[in-house]
Amino acid sequence: MSSLPSVMPRLERHEPRSVRIDRLAWAAGTCIETYGVRVGVRSTEPRLLDRLEPHLPPDWKPGESPVVDQLFSLWVDPSEAEPRRPSRLYSGRSRRVRTRDLDELFVVLESEIRQGVAAAAKERVFVHAGVVGWRGRAIVVPGRSRSGKTTLIAELVKAGAEYYSDEFA
C-alpha cells in the first residue's frame, strides 16, 4: 500500500454499532489528513487500497489516528461467481455509487473525498474551479457546474499546461 498507513478508520462521533454498514467484514483501511480534515477509507478487499493513492487530494499526509472526520467505505462482492454483484461506495452511511466498474468507483470516491474536504476544511476556502499550471504560474478557471470548465482545462492540458484540478481550487 505504498506510503498509506494500514489502519482501520472509525468516526469520532459514536453511532450505534447496529448500523448495518459497520457490521460488514471490513478487511483493510487507511487514514490520511489533508487541509486539517481527517479522512478514512476502508474496504472489504485489501487490494483496492493499493489503487487509492492517485485519487487522494493534493498535500495529503498519512493520518496519525484511526479517528476520522469523514469515512468512506468500498464494498466489493466477495464471491468468485460471475457475474459479481455491483461494487458500492459509501460516504458515511450514504451510498454514493453502485457499479460493476471499479474505475468509476474510484472516480466517484475521488470526487466525494475532495468535496468532503472542501466543505470541512476550516483554514482554507475552496473555489469551484479548474486549475492548471502554466510557465510557473497557475491559471484558475472558476465557474458553475456544466459551464465548460472541464473542457477548457482539458484543452489547456493538451496545449502543454500541467493539470491540477477540474473541480476545486
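To be clear, the structure that these remarks concern was listed above.
Bear in mind that the values here come from a model prediction, so they are computed numbers and not experimental data.

**Some thoughts on the overall build of the protein chain**
Across its full length, the protein chain carries two helices and eleven strands. When its helices and strands are written in sequence order, the protein chain yields β-β-β-β-β-β-β-β-α-β-β-α-β. Here the C-alpha atoms of the protein chain give a radius of gyration of 17 Å, agreeing with the 15 Å that 2.2 N^0.38 yields for 169 residues. By principal-axis analysis of the C-alpha atoms, the protein chain measures approximately 50 × 40 × 30 Å. For the protein chain, the proportion of its 169 residues judged to be buried stands at 42%. Across the protein chain, contacts joining residues at least 24 apart in sequence account for 58% of those joining residues at least 6 apart. Summing over all exposed atoms, the protein chain offers an accessible surface of approximately 10300 Å²; the carbon and sulfur share of this is 49%. Within the protein chain, the 23 negative side-chain charges are centred at a point lying 5 Å from the centre of the 27 positive side-chain charges.

**Some details on unusual backbone geometry**
Backbone phi values are negative for most residues with the exception of glycine, while trans is the configuration of most peptide bonds. With a phi angle near 50°, Tyr35 is a residue other than glycine that sits in the positive phi range. As for its placement among the helices and strands, Tyr35 is situated in the loop between β2 (28-34) and β3 (37-43). Using a relative accessible area of 23% as the deciding quantity, one classes Tyr35 as partly exposed.

**Details of the pairing of strand β7 (residues 87-91)**
Across the five residues of β7, five count as buried, placing the element largely inside the fold. Of the two faces of β7, the one carrying Ser87, Leu89 and Ser91 and the one carrying Arg88 and Tyr90 are both buried. As defined by bridge partners, strand β6 (residues 70-75) adjoins β7 across four bridges and the pair is classed as antiparallel. Of the residues in β7, the one forming a bridge with Ser73 is Tyr90. Counting the residues that bridge the hairpin from β7 to strand β8 (residues 94-99) gives two residues, and of these Gly92 lies at a positive phi of roughly 65°.

**Side note on the pairing of strand β10 (residues 137-142)**
Put simply, side chains in a regular strand alternate between the two faces of the sheet. Sheet topology places strand β9 (residues 129-134) next to β10; six bridges connect them, and they run antiparallel. When the sheet's bridge partners are listed, Val131 is paired in β10 with Val140. Here β9 folds back onto β10, and the loop between the two strands holds two residues, one of which, Arg135, carries a positive phi near 50°.

**Considering the nonpolar core**
Nonpolar side chains tend to gather and get buried jointly when the protein is soluble and globular. Leu52, Leu74, Leu109 and Ile113 are the most contacted members of the largest nonpolar core, which has 22 residues in total. Of all elements in the fold, only β2, β3, β6 and α1 (102-120) reach the threshold of two or more residues within this core. If one sorts the elements of this core by residue count, α1 sits on top with five residues. In this structure, Leu109 is in contact with Leu52, Phe72, Leu74 and Leu89, ignoring residues within four places of it in sequence. With five residues, the next largest nonpolar core counts Val19, Ile21, Trp75 and Tyr90 among its residues.

**Quick notes on the sheet that holds β10**
Read from one edge of the open sheet, three strands run β10-β9-β11, paired in antiparallel fashion. Both outer strands of the open sheet, β10 and β11 (162-165), are each paired with one neighbouring strand and no more. Between one strand axis and the next, the sheet turns by 25° as a mean value, whatever way the strands run. Packed on one face of the sheet, helix α2 (residues 149-158) meets β9, β10 and β11 and runs near 10° to β9.

About the thresholds
- Residues numbered from 1 in each chain as written.
- Predicted model: local features only at pLDDT ≥ 70, side-chain atom pairs only at ≥ 80, totals over all residues.
- Heavy atoms only, no water.
- Helix = DSSP H or I, 4+ residues; strand = E, 2+ residues; numbered from the N terminus.
- Rg over C-alpha atoms; globule rule 2.2 N^0.38 Å.
- Buried < 20%, exposed > 50% of the residue type's maximum accessible area, 1.4 Å probe, protein only.
- Contact = heavy atoms within 4.5 Å.
- Areas by Shrake-Rupley, 256 points an atom, 1.4 Å probe, with all protein chains shown as cover.
- Lys, Arg positive; Asp, Glu negative; His and termini not counted.
- Charge placed at Lys NZ, Arg CZ, Asp CG, Glu CD.
- Pairing = 2+ DSSP bridges.
- Core = buried A, V, L, I, M, F, W, Y, C linked by side-chain atoms within 4.5 Å.
- Axes fitted to C-alpha atoms, helices over the stretch in contact; angles between N-to-C directions.

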